[in-house]
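# Inside the fold
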Amino acid sequence: MSSISKEFKRITTHSLAEMKERGEKISMLTAYDFSMARIIDGGGIDVILVGDSASNVMAGHETTLPITLDQMIYHASSVVRGVQRALVVVDLPFGSYQGNSKEALVSTIRIMKESGAHAIKMEGGEEILESIRRILTAGVPVMGHLGLTPQSIYKFGTYAVRATEDWEAEKLLQDSKLLEEAGCFALVLEKIPSDLAKKVAENLQIPVIGIGAGRHVDGQVLVSHDMLGINTEFKPRFLRKYADLHGVMTDAVHHFVQDVKARDFPNEKEQY
Ligand code: KIV
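Below you will find a few notes about this structure. Quick caveat, the model's predicted, so the values are computed rather than measured.

## Things to note about the nonpolar core
- Counting 76 residues, the largest nonpolar core has Ile48, Met122, Ile135 and Leu189 as the members making the most contacts within it.
- Apart from residues lying up to four places away in sequence, isoleucine 135 is in contact with Leu92, Ala104, Leu105, Thr108, Ile120, Met122, Val140 and Val142.

Have a look at this one:
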């Protein structure tokens, strides 16, 4: 498959709004480093999320809670250097914005200044509205995130589907409207029933991007290491695997080990 041509227009928050308006679905994947970002951007993705899932995927933690602001900035700046077309959105990590709106703004400014990213994402509804408004006054676009919000995993106790009960679905509908009214440019919905996600997408003018939220939203996001089959342990129903890179990479490593042991590598042509 060929890479996209250099004749491209950079994706902006406005491009995403236009895509929703004309019914074009939005594609979003995570990346945490330069090389992966370059491949994903070259593949034509619209949005690259430097997710705090880096805590799981890159660092091997069980949850997203341990990753720090400094670590997110390191990942984000690496990604930005690999991207020419996609909009780069960075998660504000746990503990960098929940204290108060000033803390949220200071963390956001560090991300924007030190990484060169284009927008930030925050988990939560009504409780973070003040922070969202304050960040927006500094001219930084904010993406919301509702449904399963992994930074609150110890409150939920499980990674099961959210908002299956009426009260929670109602709260999610209200929160989504509040986030739009506060000025978020897009909203991620994670692991909620498809009918509810459809309702939210129909209710809002801003694009709604789903992960495990069914097909009736305005776009889809997956964790790249999951959809590329690098991570083999995570098998939720919503995940479609587009490659078996774990298999490909393991075979390559086995082959290298064999060649070294057999004194086949390097050969005459592979040395100086
Ligand atoms: O951190 C992340 O990768 C995310 C996606 C799952 C949306 O927030």
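## A closer look at the side chain of serine 131
- Relative to the helices and strands, serine 131 resides in helix H6 (residues 129–137).
- In contact with serine 131, other than residues within four places in its own chain, are Tyr97, Asn100, Ser101, Ala104 and Met122.

## A look at the sheet that holds strand E1 (residues 26–30)
- Read around the closed barrel, eight strands run E1-E2-E3-E4-E5-E6-E7-E8, paired in parallel fashion. Pairs of neighbouring strands in the sheet enclose a mean axial angle of 25 degrees, with direction left out of account.
- Summarising the sheet, strand E6 (residues 186–190) and strand E7 (residues 208–211) pair through four bridges and their orientation is parallel. Across the sheet, leucine 187 pairs through a bridge with valine 208, a residue of E7.

## Topic: the site of the ligand
- For the ligand, the full set of nearby residues is Thr30, Leu49, Gly51, Asp52, Ser53, Asp91, Lys121, His145, Glu190, Ile211 and Val223.
- A distance of 2.5 Å separates an oxygen atom of the ligand from a polar atom in the side chain of serine 53.
- For the ligand, whose unbound accessible area comes to 260 Å², protein coverage reaches 95%.
- For the shell around the ligand, the per-class residue count stands at three nonpolar, four polar and four charged.

## A closer look at the packing of helix H5 (residues 101–115) against H6
- Taken N-terminus to C-terminus, the directions of H5 and H6 make an angle of 45 degrees; their axes are 8 Å apart at the nearest point. Between H5 and H6, the angle is such that the two are oblique. In this structure, the crossing between H5 and H6 has a hand that is right-handed. Between H5, through Ser101, Lys102, Ala104, Leu105 and Thr108, and H6, the contact on the second element is made entirely by Glu130, Ser131, Arg134 and Ile135.

## Some words on H6
- For H6, the full list of buried residues reads Leu129, Ser131, Ile132 and Ile135. Down the axis of H6, the buried set is contained in an arc of 160 degrees. They therefore lie on one face. Residues of H6 that are exposed and point over 90 degrees away from its buried face: Glu130 and Thr137.
- Considering only its buried residues, H6 is in contact with H5, strand E4 (119–123), strand E5 (142–147) and helix H8 (166–182).
- Looking one or two residues beyond H6, the residue adopting positive phi is glycine 139, at roughly 85 degrees.

Here is what the cut-offs are and how they apply
- Residues numbered from 1 in each chain as written.
- Predicted model: local features only at pLDDT ≥ 70, side-chain atom pairs only at ≥ 80, totals over all residues.
- Heavy atoms only, no water.
- Core = buried A, V, L, I, M, F, W, Y, C linked by side-chain atoms within 4.5 Å.
- Buried < 20%, exposed > 50% of the residue type's maximum accessible area, 1.4 Å probe, protein only.
- Contact = heavy atoms within 4.5 Å.
- Helix = DSSP H or I, 4+ residues; strand = E, 2+ residues; numbered from the N terminus.
- Pairing = 2+ DSSP bridges.
- Axes fitted to C-alpha atoms, helices over the stretch in contact; angles between N-to-C directions.
- Near = heavy atom within 4 Å.
- Polar contact = N/O pair within 3.5 Å; in protein donor to acceptor, adjacent residues only side chain to side chain.
- Areas by Shrake-Rupley, 256 points an atom, 1.4 Å probe, with all protein chains shown as cover.
- Nonpolar A, V, L, I, M, F, W, Y, C, P; charged D, E, K, R; others polar.
- Parallel < 35°, antiparallel > 145°, perpendicular 65-115°, else oblique.
- Left-handed = near helix turned anticlockwise from the far one by under 90°.
- Arc of directions from axis to C-beta.

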